[in-house]
Amino acid sequence: MAYFVTPSASSNQITSAINYALANLGGSVSSNLQTGRVGTGNLTIGYLYQYMDVAYANSYDGSVGFSTSPTNKSYFGIRNTNSTVVSTNPTDYVWYQVAGGFGTTKFLWYNVTGGRNIQFQASATAPAGYYVKSTTSLINLDIITSTLSINSTIVSIFQWTSGSAPARPTTTSTLTWATLTTSPVPSGWSLSAPSDTTSGDVLWAIQVPVSANVTVPTSLVDWTNTAYPIVALSSNGASGATGGVGLSNLVAYFQQNQSLSPPSFASSTSGNNVPAGWSYTFPTTYYVGQVIWYIFGQYNSTSLTVSGVPPNTTYWTGPTAASIFQDIRSDNWNGTTPPTYGSPSTYGTTGYYISRNTGNVYFNNGIFRGDITGASGTFSGALSGATGTFAGSLSAATGTFSGSLSAATGTFSGSLSAATGTFSGTVSASTINSSTINSSTINAATINSASTFAGTVSAGTINSSTINSSTINAATINSASTFAGTMNAGTINSSTINASTINSSSTFAGTVSAGTINSSTINSSTINSSTINAATINSASTFAGTVNAGTINSSTINSSTISGGSLNINSKFIVDTSGNTQILSGTSGARLLIQNNVIKVYDSSGTLRVQMGDLTA
């Protein structure tokens, strides 16, 4: 049992501590709630809290060389606490200097003797047989550590009286250490506090500390020794008078239109009643534009006037509006209050604001499932299923829009159905109808436009008078003029096609200028290309570095290399699919015939004059 208490100690702990102090100390006792020390003068009696932290250092305040080891330290510090977590803050400790320091041979020894009393000594060996070497940073003061096995306890007896202290016992008792039993008990006294509820009675006690070596079986408890005073522990107070009945607090409610003035009410009513028109019941039905008002009442149910309220009367005060209709703003709104419509600098960047007078709202993104009619300004959120007219900026907008887009900019990835106006962002849609489209990317099944300017055009069908794009991917391209880095299409119909690469099943154009043309059929008046790969080429004039084709029909072919299945030039130059070659300068008269491995020369009369190679042919 501890005899040093904290402010939260129980009454029994406080009683025990007081009795112990009165019985053993002759002077005043004080306790330090910060350090936990309990003592009188320079004498330390014990500590308030259960644990003692131990640390070491080389300065008087622990700031130099703070450690949990005593080796080569000059000071040790102690901290009394109820926490099992050892503090690492030097300012939490009370520091003591060790004469000569610890060096490498000295240690800190301690002895816990009970009542949370502990003794410290620094030395190379144990100062006495009941001292323990400090090997940890945490010591439990409720565990007695004397190695001499000393038995110690405090024996108490109790007695209630109606006023003054009882007479001191004239006999002694014997304490048996093996069972911790005390007998005989002095007449009129008890070993534990008996129950007593009599008003004015006082509980008295005598407490005697006893200690002996464990080899001693019994010890004398001397109740007659006046050094152990008879002290009053507690008393039963007298019952007080019954208090009077107080006022009852009441609340009444009234609901009315928000445009009306605050409702009136009677300042007092007879009995426990509300003013006319008011109700004790909070409204269960709420209406838009309505305000709920409430008033406070104090009802006096007694026959006397209480706090100025007459008997059987209720006084009312108020009214107070439970809801207030005014501008609404979020707690993180950083614009002006109120913002000015048309002045973006007053809108802020976070939070929202709703103006009661104008109906204007200020916020960031939003979802609209219905009409946005006559809207203007800047919108950077999602337009989902929106219809109507919008003449502002669509920045990162998504969803479906079927109204008017006037000077709109940004990104739109929904459906532009029946939309009109100009849009200059990124459009991903099934159908785009516009006089002018300026976009980095256009993905659509059909594009009908007078002029299309885009980084990439990907569409099922492109109908446009002019298409300027780095890349065009489409099943069909119909355009008066097409300029692109690469065109991939099933059919290309254009008066002029300028592209580095053209991949198409059929290409019809006035002029095709390309680095490479890969097509099953190319119909063109002029083809200028470094390489032409086609099943059939029909052209008035073909200019190419290399021509690879099944059939080439052309009035003029200028090419460094021509590769085909067979070659017949006006029946004068013939190469069949087996490689047989025939060169014939004419069919009659003087002529030259080269056929595979034979050369023949005829004179003007058609007579063979020279034959070289195979002379049998």
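Residues numbered from 1 in each chain as written. Predicted model: local features only at pLDDT ≥ 70, side-chain atom pairs only at ≥ 80, totals over all residues. Heavy atoms only, no water.

**Observations concerning the pattern of salt bridges**
Link 1 in the chain: If you walk through the whole model with that rule in mind, you get three salt bridges.
Link 2 in the chain: With a shortest N-O distance of 2.8 Å, Arg79 and Asp53 are connected by a salt bridge. With Arg79 in strand E5 (residues 75–81) and Asp53 in strand E4 (residues 51–57), this residue pair connects regions lying 26 residues apart in the sequence.
Link 3 in the chain: For Arg609, the salt bridge goes to Asp603, with nearest N and O atoms at 2.7 Å.
Link 4 in the chain: By relative accessible area, which is 17% here, Asp603 ends up buried. (Salt bridge = Lys/Arg side-chain N within 4 Å of Asp/Glu carboxyl O. Helix = DSSP H or I, 4+ residues; strand = E, 2+ residues; numbered from the N terminus. Buried < 20%, exposed > 50% of the residue type's maximum accessible area, 1.4 Å probe, protein only.)

**Here's the deal with the packing of aromatic side chains**
The description of two aromatic rings rests on the distance between their centres and on the angle between their planes.
Link 1 in the chain: Under the counting rule described, the total for this entry stands at 15 aromatic pairs.
Link 2 in the chain: Ring geometry for Tyr56 against Phe102: centres 5.4 Å apart, planes inclined by 90°, an arrangement best described as edge-to-face. Here Tyr56 is found in strand E4, whereas its partner Phe102 is found in the loop between strand E6 (94–97) and strand E7 (107–114), with 46 residues between them in sequence. Each member of the pair Tyr56 and Phe102 is classed as buried.
Link 3 in the chain: With 5.2 Å between their ring centres and 45° between their planes, Tyr347 and Tyr362 make a pair best called tilted. With Tyr347 in the loop between strand E21 (328–329) and strand E22 (353–354) and Tyr362 in strand E23 (residues 361–362), this residue pair connects regions lying 15 residues apart in the sequence. (Phe/Tyr/Trp six-rings, centres within 6.5 Å; stacked < 30°, edge-to-face > 60°.)

**Thoughts on the sheet that holds strand E18 (residues 268–270)**
Link 1 in the chain: In space, the four strands of this open sheet follow the order E17-E19-E20-E18, with antiparallel pairing throughout. Bordering the open sheet on either side are strand E17 (248–257) and E18, each of which pairs with just one other strand. Each strand of the sheet is rotated relative to its neighbour by a mean of 30°, with strand direction disregarded.
Link 2 in the chain: The pairing of E18 with strand E20 (residues 313–321) spans three bridges and is antiparallel. If you follow Ser270 over to E20, its bridge partner there is Thr313. (Pairing = 2+ DSSP bridges. Axes fitted to C-alpha atoms, helices over the stretch in contact; angles between N-to-C directions.)

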